[in-house]
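Structure at a glance
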Amino acid sequence: MIDGLVIRTTGSWYDVASGGDVVPCTVRGRFRLEGGDATNPVVIGDRVSVLRQPDGTGVITSLGTRSTVLVRRAAGRRVGVSHVIAANIDAAWVIQSVDLPRFNPGFVDRFLVMAGVHRIPAGIVINKADLLDDRTGPPIRFWAELYRDLGYPVLLTSALNGEGVDTLLGALTGRISAVAGPSGVGKSTLLNAVDGTLDLRTGQVSSRTRKGTHTTTSASLHALKGGGYVADTPGLREFGLVDLDPPHLSHYFAEMAPVLSGCRFPNCTHDHEPECAVIEAVDEGTISQERYASYLGMLRSLRLGARDVGR
Ligand SMILES: Nc1nc2c(ncn2[C@@H]2O[C@H](COP(=O)(O)OP(=O)(O)OP(=O)(O)O)[C@@H](O)[C@H]2O)c(=O)[nH]1
Ligand SMILES: [Mg+2]
Ligand SMILES: [Zn+2]
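In what follows, the accompanying structure is described. On a predicted model such as this, the values are computed, not experimentally measured, just so you know.

**Topic: the environment of Asp 99**
If you trace the backbone, Asp 99 turns up in the loop between β8 (91–97) and α2 (105–117). Judged by relative accessible area, which is 5%, Asp 99 ranks as buried. Along the chain, Asp 99 and Val 48 lie 51 residues apart, while their C-alpha atoms are 40 Å from each other. Those residues in contact with Asp 99, other than ones at most four positions away along the chain, are Lys 128, Leu 131, Arg 135, Thr 136 and Arg 210. Within the structure, Asp 99 has its side chain in polar contact with the side chain of Arg 135 (distance 2.5 Å).

**Structural notes on the packing of aromatic side chains**
Within the structure shown, the criterion is met by seven aromatic pairs. Where Phe 253 meets Tyr 295, the ring centres are 5.5 Å apart and the plane angle is 90°; that geometry is what we call edge-to-face. In this pair, Phe 253 sits in the loop between β13 (229–232) and α6 (277–284) while Tyr 295 sits in helix α7 (residues 289–310), placing the two residues 42 residues apart along the sequence. Members of the aromatic cluster, each reached through a chain of ring pairs, are Phe 103, Phe 142, Trp 143 and Tyr 147.

**With respect to the coordination of the zinc ion (ligand 3)**
At the metal site, the zinc ion (ligand 3) is ligated by Cys 263 (SG), Cys 268 (SG), His 270 (ND1) and Cys 276 (SG), and these contacts range over 2.0 to 2.4 Å. Each of the four donor atoms around the zinc ion (ligand 3) contributes to a set of angles spanning 101 to 117°, which defines the coordination as tetrahedral.

**Let's talk about the site of ligand 1**
With respect to spatial proximity, 24 residues lie near ligand 1, and among them Asp 130, Ser 183, Thr 189, Gly 203 and Thr 216 are the closest. Between Lys 128 and ligand 1, the recorded distance is 3.1 Å, taken from a side-chain N or O atom to an oxygen atom. Between ligand 1 and Lys 187 there is a distance of 2.8 Å, counted from an oxygen atom to a side-chain nitrogen or oxygen. Computed on the free molecule, ligand 1 has an accessible area of 660 Å², of which 89% lies beneath the protein chains in the complex. A total of three residues in the shell around ligand 1 trace back to one element, the largest contributor, which is helix α5 (residues 187–194).

**Some points on the environment of Val 42**
Counting through the fold element by element, Val 42 comes out in the loop between α1 (29–34) and β4 (47–52). Since its relative accessible area comes to 2%, Val 42 is described here as buried. Note: C-alpha distance between Val 42 and Leu 63 (21 residues apart in sequence) is 7.8 Å. The residues touching Val 42, leaving out its near neighbours within four places in the chain, are Val 6, Thr 9, Tyr 14, Val 27, Val 48, Ile 60, Leu 63 and Arg 66.

**Notes on unusual backbone geometry**
Cis rather than trans, the peptide bond between Leu 100 and Pro 101 has omega equal to 0°. Of note, Pro 101 is situated in the loop between β8 and α2. Its identity as a non-glycine residue notwithstanding, Lys 128 has a phi of 65°, on the positive side. Relative to the assigned elements, Lys 128 resides in the loop between β9 (122–127) and α3 (137–149). Here Lys 128 falls in the buried class, since its relative accessible area comes to 16%.

Conventions used here
Residues numbered from 1 in each chain as written. Chains lettered and ligands numbered in written order. Predicted model: local features only at pLDDT ≥ 70, side-chain atom pairs only at ≥ 80, totals over all residues. Heavy atoms only, no water. Helix = DSSP H or I, 4+ residues; strand = E, 2+ residues; numbered from the N terminus. Buried < 20%, exposed > 50% of the residue type's maximum accessible area, 1.4 Å probe, protein only. Contact = heavy atoms within 4.5 Å. Polar contact = N/O pair within 3.5 Å; in protein donor to acceptor, adjacent residues only side chain to side chain. Phe/Tyr/Trp six-rings, centres within 6.5 Å; stacked < 30°, edge-to-face > 60°. Donors = N, O, S within 2.8 Å, 3.2 Å for Na, K, Ca; no water. Tetrahedral: all angles 85-135°; square planar, octahedral: opposite > 155°, others 65-115°. Near = heavy atom within 4 Å. Areas by Shrake-Rupley, 256 points an atom, 1.4 Å probe, with all protein chains shown as cover.

By themselves, these figures tell us nothing about what the structure is for.
In structure tokens, the structure reads:
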């Protein structure tokens, strides 16, 4: 029996790193059942025990307790079905780009909420800083300042000219981190720039749709030269919410949490109720219109989701 770390999952095979070896493993059937609502019972970052087989493969026989999980709603699945992206991570970074594809604040907000729900410190990387110009600059500066003011670290990077790459390396070294974001923002290219030993596959952005082409197809965890691990993950169209009741959503908006006690109703959802401290703060300009609109969009999708699950 050996102990190891799950570094890649593809279909029913799991690569487990242990003492310098990588052992391809299967899992015992009962994990599939214990996985509950999640689509995947064993994920990258999991600590596992493995029974070695004579042919060099292994069988995962037990799963360590997870300190954290990065979770999103499973793509194309009934609402409420979750997909665990990675376990036991110390930090999560949402990657966006200055352009090609365009910065998506709705994606960022959903990611930050889900990281908050699972108590994972989160930050924002805006890649392709070499594409900053008179057109792209003003909106990017607006979003960078907004998220910094909320207390999140915001890094501007360019895998092309190296800007911000050392800062990102410093933030990743010595801990287990995961990156996630839309396809084509340059997640894999940026991680290759951070650590030249990674050699991750990278793709192109379609000139027609200006979107990425989903080059990375499975999540994988990589040792960094200075210590620690980073998980590269496949591009996502959207970061879907799970594990959240509508009245709790505002707790995960950093600028709303401090004013919530001022609402007249303790279960206020801040969209129609009278004497709502959040709506007052939006009217006074201390909570931004953009973030409030994003909140309302999420509230709507959570309410639709609650009905869907009830059927
Ligand atoms: N201009 C510019 N292009 C970049 C930068 N980083 C990555 N790219 C380009 O963006 C395209 C997509 O890069 P990938 O690293 O494959 O993107 P990804 O986010 O990993 O995409 P998926 O694996 O599909 O999720 C490639 O053509 C890269 O060369 C950058 O900093 N500046
Ligand atoms: Mg990639
Ligand atoms: Zn309220």
